[in-house]
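# Summary of structural features
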Amino acid sequence: MSGVILVRYGEIGLKGKNRIYFERMLINNIRRSLGDLQGIEVTREHGRLYVKHEDQPGKVIERLRRVFGIVSLSPARVVLLDMEAVKKGALDEVKDNLRSGDTFKVETKRANKKFPYQSPEINSMVGEYILKNIEGLKVDVKNPLYTVKIEIRENSAYIYSTSYLAPGGLPVGATGKGGLMISGGIDSPVAGWLAMKRGVEIIGIHFHSFPFTSERSKEKVVELCRVLATYGGPIKLFVVPFTRLQSEIKKNCPEKFYVTIMRRMMFRIAQKIALREGCTVLFTGENLGQVASQTLESMAVIERVVDMPVLRPLITMDKLEIIEKAKEIGTYDISIEPYEDCCTLFVPKHPATKPRLDEVEKAEENVSDYEVLVEEAVEKAESILVAPKEGVL
Amino acid sequence: MREIYLDNSATTKVIPEAVEAMLEACQIKYGNPSSLHGKGIEAEKIIRETRERIAGFLNCSSKEIFFTSGGTEANNWAVFKAAEKLKRFGKHIITTSIEHSSVLEPIKELEGRGFEVTYLSPSKEGIISLEELKRELRPDTILVSIMHANNETGALQPVFEAAEIIKNISHRAFFHVDAVQSFGKVNIDLKKERGIDFLSISAHKIHGPKGIGALFIREGLNISPFLLGGEQEGKMRAGTENLPGIAGFGAALKGLENNVEAHWEKIKELKERFVRGIKDGIRDVIINGPLDNRALPHIVNVSFPGVKGEVLVHFLEQWGIYISTGSACHSRGGSVSHVLKAMGLKREALEGAVRVSFSALNSQEEVDFAVEKFREAVEELRSL
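Numbering of residues begins from 1 in every chain and follows the order in which that chain's sequence is written. Whichever chain is written first is A, and whichever ligand is written first is 1; the rest continue in order. Local features in this predicted model are restricted to residues of pLDDT 70 or higher, and side-chain atom pairs are both shown and tallied only at a pLDDT of 80 or more, whereas totals for entire chains, interfaces and linings draw on every residue. Only hydrogens and water are removed before side-chain values are computed, so all heavy atoms of the structure are retained for them.

## Points about the packing of aromatic side chains
Put simply, the rule reads: Here is the rule: rings of Phe, Tyr and Trp (six-membered ring for Trp) pair when centre to centre is within 6.5 Å. Planes less than 30 degrees apart are stacked, more than 60 are edge-to-face, and the remainder are tilted. The helix count covers DSSP runs of H or I at least four residues long, the strand count covers runs of E at least two residues long, and both are numbered beginning at the N terminus. A simple rule labels every residue: compare its accessible area, found with a 1.4 Å probe on the protein chains alone, to the largest value its type can have, and call it buried under 20%, exposed over 50%, or partly exposed in between.
Applying the stated criterion to the full structure yields 17 aromatic pairs over all chains. Relative to Tyr231(A), the ring of Trp193(A) has its centre 5.8 Å away and its plane inclined at 90 degrees; by these criteria the two rings are edge-to-face. Here Trp193(A) is found in helix α5 (residues 187–197), whereas its partner Tyr231(A) is found in helix α6 (residues 215–232), with 38 residues between them in sequence. The same class applies to Trp193(A) as to Tyr231(A), namely buried. Between Phe304(B) and Phe374(B) the ring centres are 6.0 Å apart and the planes differ by 50 degrees, which places this aromatic pair in the tilted class.

Laid out in structure tokens, this is it:
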């Protein structure tokens, strides 16, 4: 089986001098995403990409629809620059999809002006040919059920009729690298996906409180990263042992500040790992007002401990919108598996929703040598390279 | 790291003899038992031998043993087909609130189809009352399903007495016994216990493989097949037989022949040693369920107030000690055990309940190590 898929990219075409850089990155990402498939060849021509393959078209399309930077794609037939071949190709393209009574039109773009017929001529010749070969069809140029598109290019003609939407955005890696603080919940994977959509390469940073949480909750995060990796390629995940710090906080700090102080420790650790890995920002799944640590006051007190910008792609979204997105990208079903993560244990009954910085800083001092514990957690973090999940998602 | 496996009511390690038998059934005697040629005949022989061994073990006819994919399928078969068979005589079913979900869910399904169900509740010790059973039996009762031993507490239910009562009061009602946990631990004589019509068993609780079990259906009941589409299992359960599973089942069972009482004593000693150890070493220990011979010898359900069961499970895991919260089948569901709840446990004991279950493969030394680690873990967790 062999075919060509026409890949359209929007935004990156507009980026002035950076255009070449973005395009190259997109091509690389496409090659990486299709790396294990048969006979892949990617070429660029006139603001389009053409992906040749010898694999199952469905599989190639499914993969390409997850590559950020692509706006839409169409599987196409490639025929010789010859009118008879174009006619036959167009007929092949429609014959399985059209039945008696249906309406259609032919739309031609002739980029190659050496081709002996002009676009309107091609339209009518191909239209006639189709009408003659399939009974009961009608041409309707205003509101057709079906449009056959023909592109006359330098070396061959392309014929297609279906387009698939892809996520758009920018090629992963094009805008930089960020550390995603990922729990097993619904929000953080969506935040990571949105960061990737804007061209950020992410690493995952997960806090694990074994034995207070199970090995399964770690597996769950790996599983979430496997889904994210289907969009942006393999993800480096750091699993940070957090139990020690958590018990020290619980033993030494007032209950209402557990969460605030715990989050501050997490940010300290995350920044250290992110810096070491060459990231310039942190991403979190925080969402305004969802829980005690996500009030404006809490976020301000928590964020104090890092210098890196902390980006929160979900900050203004409603929970339902986040859930919708999580379902769409394929992380929701994994996120709702019931293993406890480290945020649900050690949760006080009445957490402070408006913690005061001076009070929190004072309380935190009770955890003696927390810098040492933070450093230790960074050192002991386990690093896992997570490959994309296989099969249909 | 050493591994101390104390979750034997969830499943057991497969013994080498069973593995060997399975390998042989995969690599040498791999024929389809339905084939006419020699390969088929040698495969068929494995099935016949295991079937006869099970029949010998339960003292019934080998014609009354039907292989299934395990205890769950056996329970589904018994419940659905028994109810279907007798529904024209009545629509009342009696079961207990402490059954395994593979009995409860099919019965709930029948409830949705218009059957009326009475759930017998257990005492504080997790044992149902025969008096209540007597009271609830009605002329339109067509099925009673009671487990032989509970999988979470090990509490043995008076199924043999129940069988007599059911047959005396209601001649018609079928009696199904889920014996998945008790099989191989307690002798069951089906010639003597005429009142039992169906009995479910499974291989993986007795050091056999997973994915194979059996249902005893008393001869002459005229029950309909569970799966259609082949001549296997006397046309009662179509599908090419799980030959490796059946071979492994047979081999696992062989180790238990004439050995049930000795086996009971050995495991019971381990359990008693464990219970003594934690009671002496840890303050505030609650044992959920009976400890004497009214329970299986290998299961103990225990709570340490102030400690969440799930956390304890993971804490012990770091030393390679494997135990369970509640029952493995729903411990991942995030809710508390329906069995312990039915026994009226207080919230603290409910949340903290863990199940420790032994097998003949455990040693006294392992038990002592586990006790020590339980003490350490509970102390540490209570200090937080």
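## Observations regarding the environment of Phe207(A)
Residue and element names in this part refer to chain A. Secondary-structure assignment places Phe207 in strand β11 (residues 200–208). The class of Phe207 is buried, set by a relative accessible area of 5%. Residues Phe207 and Asn133, 74 residues apart in the sequence, show an inter-C-alpha distance of 65 Å.

## Some thoughts on the sheet that holds β11(A)
Residues and elements named next belong to chain A. To be explicit about the condition: Strand pairing follows a simple DSSP-based rule, namely that at least 2 bridges must link the two strands.
Spatially, six strands are ordered β14-β13-β10-β11-β12-β15 in an open sheet, and the strand pairing comes out mixed. The open sheet has two free edges, formed respectively by β14 (310–311) and β15 (382–386), since each of these has just one partner strand. By the bridge criterion, three bridges tie strand β10 (residues 176–181) to strand β13 (residues 281–283) in an arrangement that is parallel. Residue pairing in the sheet places Gly179 in a bridge with Leu282 of β13.

## Quick notes on the interface of chain B and chain A
Heads up, the condition is: We call two residues in contact whenever any of their non-hydrogen atoms come within 4.5 Å of each other. Defined in terms of a 1.4 Å probe, buried area is the accessible area two parts forfeit on being brought together, summed over both. Here a salt bridge means any side-chain nitrogen of Lys or Arg lying within 4 Å of a carboxyl oxygen belonging to Asp or Glu. Distance and chemistry together define a polar contact, namely a pair of N or O atoms within 3.5 Å, with one atom able to donate a hydrogen and the other to accept it when in protein, and with adjacent residues in sequence counting only for side-chain atoms on both sides. Under the convention adopted here, Pro, Cys and the residues Ala, Val, Leu, Ile, Met, Phe, Trp and Tyr are nonpolar, Asp, Glu, Lys and Arg are charged, and Gly plus all remaining residues are polar.
With 10 residues of chain B in contact, the opposing surface of chain A contributes 14 residues. Together, the buried faces of chain B and chain A total about 1,200 Å²; carbon and sulfur atoms form 64% of this surface. If you look at where chain B meets chain A, you find zero salt bridges. Counting the contacts that link chain B with chain A gives zero residue pairs in polar contact (both at pLDDT 80 or more). Here the element with the most residues in the side of chain B that touches chain A is helix α9 (residues 309–317) of chain B; it accounts for five residues. Here the residues of the side of chain B that touches chain A sort into four nonpolar, two polar and four charged.

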